[in-house]
Amino acid sequence: MRINKYLSICGLCSRREADRLVEAGRVSLNGKTAENGTTVSEGDLVCVDGRCIEPAASRTYLKLYKPVGIVCTSDSREKNNVIDFVNYPARVTYAGRLDRNSEGLLLLTDDGDLIQELMRSANAHEKEYIVTLSREMTKEERIRLQNGVYLPDLGQETKECRILPMGERTYRFILTQGLNRQIRRMCRTCGLYVRRLKRIRIASLELGSMQPGDCAELTEKERDALLSAVKQK
């Protein structure tokens, strides 16, 4: 298999992040610097920053209520990085980021295939957010955002989504896309600003009654439902 898939399966990071590690010269295969597209075979020794990386004997699935201020990165130079915050004994990585100022449900796992499936926008797995805005959204603005808008910062058009009013200035956003700071950028096209953003669902996995900072292993029921939802079971 390709080296980016190998690192993902080992739970180190996503394939995209693995490509960046390889490009930075931080990955070696059998003692030699690896290149993107390098193939890993049985018995090969793969290392990142000199540390050998091997597939986990069993899979770990965690859900975290990420508080505001915690950063979705494994870079130890960031003192508020999510990996140190969780401090889990097994090596895990996150499936989809939440920015520093956002909070809510974050899935952490060493199941690289699951991460890849969830992050692939073509698979259209839903992610649900509760969003409080600077002012109420007009009906016209809501329709416009639901139909998709062009984000000049990213040079991309957003896919259709659902936006459901919940109360004063608060809305439920249901997306099947995960662009960088997508909801904040979408709202900005209408002169709206996000005051609070909380993710409450990823596919079948729900935040439930968790409080900021809570972290727990998925129950067997949660795990099986999630794997079934993304066709991994």
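See the structure shown above.
Only a predicted model underlies this, so the values are computations on that prediction, with no experimental measurement involved.

(A) Focus on the overall build of the protein. Tallying secondary structure elements over the protein gives 7 helices and 15 strands in all. Against the globule reference of 17 Å for 233 residues, the protein gives a C-alpha radius of gyration of 19 Å, in line with a compact fold. Scored against the burial criterion, the 233 residues of the protein give a buried share of 48%. Contacts in the protein between residues at least 24 apart in sequence constitute 63% of all its contacts with a sequence separation of at least 6. A total of about 12200 Å² of accessible surface is found on the protein, and carbon and sulfur atoms cover 43% of it. The distance from the centre of the 39 positive side-chain charges to the centre of the 32 negative ones in the protein is 4 Å.

(B) Molecular detail of the pairing of strand S13 (residues 194–202). The sheet contact formed by strand S7 (residues 103–109) and S13 spans 2 bridges and is parallel. Pairing of Gly104 across the sheet is with Arg199, part of S13. Here strand S8 (residues 127–133) runs beside S13; their pairing, made up of 7 bridges, is antiparallel. Following the sheet pairing, Tyr129 is matched in S13 by Arg199. Between S13 and strand S14 (residues 205–206), which follow one another and run antiparallel, lie 2 residues, and Ala203 among them has a positive phi close to 55°.

(C) Summary view of the layout of surface pockets. Roughly 950 Å³ of volume is contained in the largest pocket. Lining the largest pocket are 35 residues, with Gly96, Arg97, Gly178, Leu179 and Asn180 positioned closest to its centre. At the level of elements, helix H2 (15–23), helix H4 (112–119), S8, helix H6 (182–188) and S13 are the ones that each hand at least two residues to the lining of the largest pocket. In terms of residues, the lining of the largest pocket owes the most to one element, H2, which gives 4 residues. Its residues assigned to classes, the lining of the largest pocket comprises 12 nonpolar, 11 polar and 12 charged. By volume, the second largest pocket amounts to about 740 Å³. The wall of the second largest pocket is formed by 27 residues, among which Leu12, Leu21, Arg26, Ser74 and Asp75 lie closest to the centre. Among the secondary structure elements, those contributing two or more residues to the lining of the second largest pocket are H2, helix H3 (82–86) and strand S6 (93–94).

(D) Spatial organisation of the environment of Tyr94. Summarising the element assignment, Tyr94 is placed in strand S6. When the C-alpha atoms of Tyr94 and Leu64 are compared, they prove to be 9.8 Å apart, with 30 residues separating the residues in sequence. In this view, Tyr94 contacts Glu17, Cys72, Thr73, Ser74, Val82, Leu106, Leu107, Leu108 and Ile115; residues no more than four positions away in its chain are not counted. Looking at Tyr94, its side chain comes within polar contact range of the side chain of Glu17, at 3.3 Å.

The rules behind the values
- Residues numbered from 1 in each chain as written.
- Predicted model: local features only at pLDDT ≥ 70, side-chain atom pairs only at ≥ 80, totals over all residues.
- Heavy atoms only, no water.
- Helix = DSSP H or I, 4+ residues; strand = E, 2+ residues; numbered from the N terminus.
- Rg over C-alpha atoms; globule rule 2.2 N^0.38 Å.
- Buried < 20%, exposed > 50% of the residue type's maximum accessible area, 1.4 Å probe, protein only.
- Contact = heavy atoms within 4.5 Å.
- Areas by Shrake-Rupley, 256 points an atom, 1.4 Å probe, with all protein chains shown as cover.
- Lys, Arg positive; Asp, Glu negative; His and termini not counted.
- Charge placed at Lys NZ, Arg CZ, Asp CG, Glu CD.
- Pairing = 2+ DSSP bridges.
- 1 Å grid on protein atoms, 1.4 Å probe; cavity = no way out; pocket = protein on both sides within 12 Å on 5 of 7 lines; lining within 4 Å.
- Points joined across faces, edges and corners; volume = space filled by probe spheres on them.
- Nonpolar A, V, L, I, M, F, W, Y, C, P; charged D, E, K, R; others polar.
- Polar contact = N/O pair within 3.5 Å; in protein donor to acceptor, adjacent residues only side chain to side chain.

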